[in-house]
Amino acid sequence: MKKFAILLAIAICSSSLLSQSELVKLQDKLIGLSPDTTYRKLDRDQVHSINEFWKIFKEIRNKEIGLDRLKGRAAFGFIGNSAEDANIFRINGGISLKKGSYPQDFEFSTLLNITVDNGVMEENLSNLRISYDRFIKCKNPFLAEGYSFINRRSDAYLGVNQRYEIGAGIILAHWGKKLFPASQASYDKYCEEQISFKSKDNKVIVCDVKNCVPIEARGITEADFGALNNAQKRITNSIIKNNSPLRLGLMLGFFFEVENVSHADSLMTQNGRQFFQHDFLTTSKFRWELRPTIDFRVSDAARFRIRPYLKGPMPWEYETEVDGKMELDYRVDFPIQFDISLNDQFSLSVHYIYFYDNAPSSIAVGAMDANKNPLYLTAKTAHHFYNFSASYSFK
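First, a word on scope: everything that follows refers to the structure included in this document. (Residues numbered from 1 in each chain as written. Predicted model: local features only at pLDDT ≥ 70, side-chain atom pairs only at ≥ 80, totals over all residues. Heavy atoms only, no water.)

## Observations concerning the side chain of Thr-293
When you line up the elements, Thr-293 lands in strand β12 (residues 283-297). Among the residues examined, Thr-293 registers a relative accessible area of 2% and is labelled buried. Within the structure, Thr-293 has its side chain in polar contact with the side chain of Arg-291 (distance 3.0 Å). Residues within four places of Thr-293 in sequence aside, it is in contact with Arg-247, Leu-248, Gly-249, Ile-306 and Arg-307. (Helix = DSSP H or I, 4+ residues; strand = E, 2+ residues; numbered from the N terminus. Buried < 20%, exposed > 50% of the residue type's maximum accessible area, 1.4 Å probe, protein only. Polar contact = N/O pair within 3.5 Å; in protein donor to acceptor, adjacent residues only side chain to side chain. Contact = heavy atoms within 4.5 Å.)

Written out as structure tokens, the structure is:
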């Protein structure tokens, strides 16, 4: 898993450095585009236009560099109960790191929920995920997105000691492009409809919506501004991706799963209640996953994310034995998250996840119930997770 993450990080860094190097090359080529009138004959409009060009160029360059900067968020929550003979504390937390924005991004995230009960620590739920997403180049730049991921999870409530998933797939989505005012203002600042750069007959033509001024710059062709135009497109696409008021999508993927489960419970037998515990054998299998996606904003600061996962079996192993019966082997992970930003750094989050396993691990314990039916030790099927946290973001 570590090697996979390193290879993804190298690929992303190489791509971002390539786009930045193209802007550096253009900047070097335009070094003679100076507003200094001591050695060039320039009128007032041209001097103003050159100064405006470099101002805009630096804003675009810095904005694109910012897209590839490592961003992160740390979330935390704490609940404590103390009495004369009992001390119970529950801690929720998580860290997410992200690099990139459009057309690709790399993300590392963790989720942790632990309980300390009279000095004994129990890890109720933990999740570690590494993912890589990239939009597929086509006429609609937001239509299709490829993704790959590695996920590691434990869940004490369902008896999951360790579950590893590694897979890939494709996402088809519709993104709303009618932005809220603050995001729209940011979009307008960089879009080609507002500012354009071109070249003709050894002259640089700097345009905004109100003015176009040609300036002599020999050796410059229209193709030289490709890096700048591409940077504009990348910035505006990133603004849409990060601030779209609505995203509707469908994800389809396949993954390989390795799982280790243990379970313990008290069962009523013919001889009274007895305690049973069993460590199940580690299993591995291929699965498919389907995920509808509903993301929507009620403002630039408030966002809902609803992403239910249906994880199904392959046709050749679609059933497994549970309590002596054959059951369809599918799972559901149903997360709902609401985030509200208080400012650029601080935000509040409400996170709910419903975990359901229709075919949990099950084994006959070799004992009978009062009606002389075989008894089975079976892991639990459902887990509801709730989390309210405050988080701090850095860019």
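## Some words on the packing of helix α3 (residues 181-190) against helix α4 (residues 226-243)
In the contact formed by α3 and α4, the axes pass within 9 Å of each other and the chain directions differ by 170°. Judged on the interaxial angle alone, α4 and α3 are roughly antiparallel. Here Ser-183, Ser-186, Tyr-187 and Tyr-190 of α3 lie close against α4, whose contacting residues are Gln-232, Ile-235, Thr-236, Ile-239, Ile-240 and Asn-243. (Axes fitted to C-alpha atoms, helices over the stretch in contact; angles between N-to-C directions. Parallel < 35°, antiparallel > 145°, perpendicular 65-115°, else oblique.)

## Points about unusual backbone geometry
With the exception of glycine, most residues fall at negative phi, and the peptide bonds are largely trans. Of the consecutive residues Tyr-102 and Pro-103, the connecting peptide bond is found in the cis state with omega at 10°. Looking at the element boundaries, Pro-103 is found in the loop between β2 (87-100) and β3 (104-117). Even without being a glycine, Asp-323 presents a positive backbone phi close to 55°. Here Asp-323 shows up in the loop between β15 (319-322) and β16 (325-328). The residue Lys-372 is not glycine, and still its phi comes out positive at about 65°. Relative to the assigned elements, Lys-372 resides in the loop between β19 (362-368) and β20 (374-378).

## Considering the pattern of salt bridges
It is possible for side chains of opposite charge to pair when their charged atoms get near one another. Tallying each qualifying case throughout the model produces 20 salt bridges. Between Glu-64 and Arg-234 there is a salt bridge; the shortest N-O distance is 3.5 Å. Here Arg-234 lies in helix α4 and Glu-64 lies in helix α2 (residues 44-67), a separation of 170 residues in the sequence. According to the relative accessible area criterion, Glu-64 is buried, its value standing at 3%. Put simply, Asp-333 and Lys-311 hold a salt bridge, and the shortest N to O gap is 3.1 Å. (Salt bridge = Lys/Arg side-chain N within 4 Å of Asp/Glu carboxyl O.)

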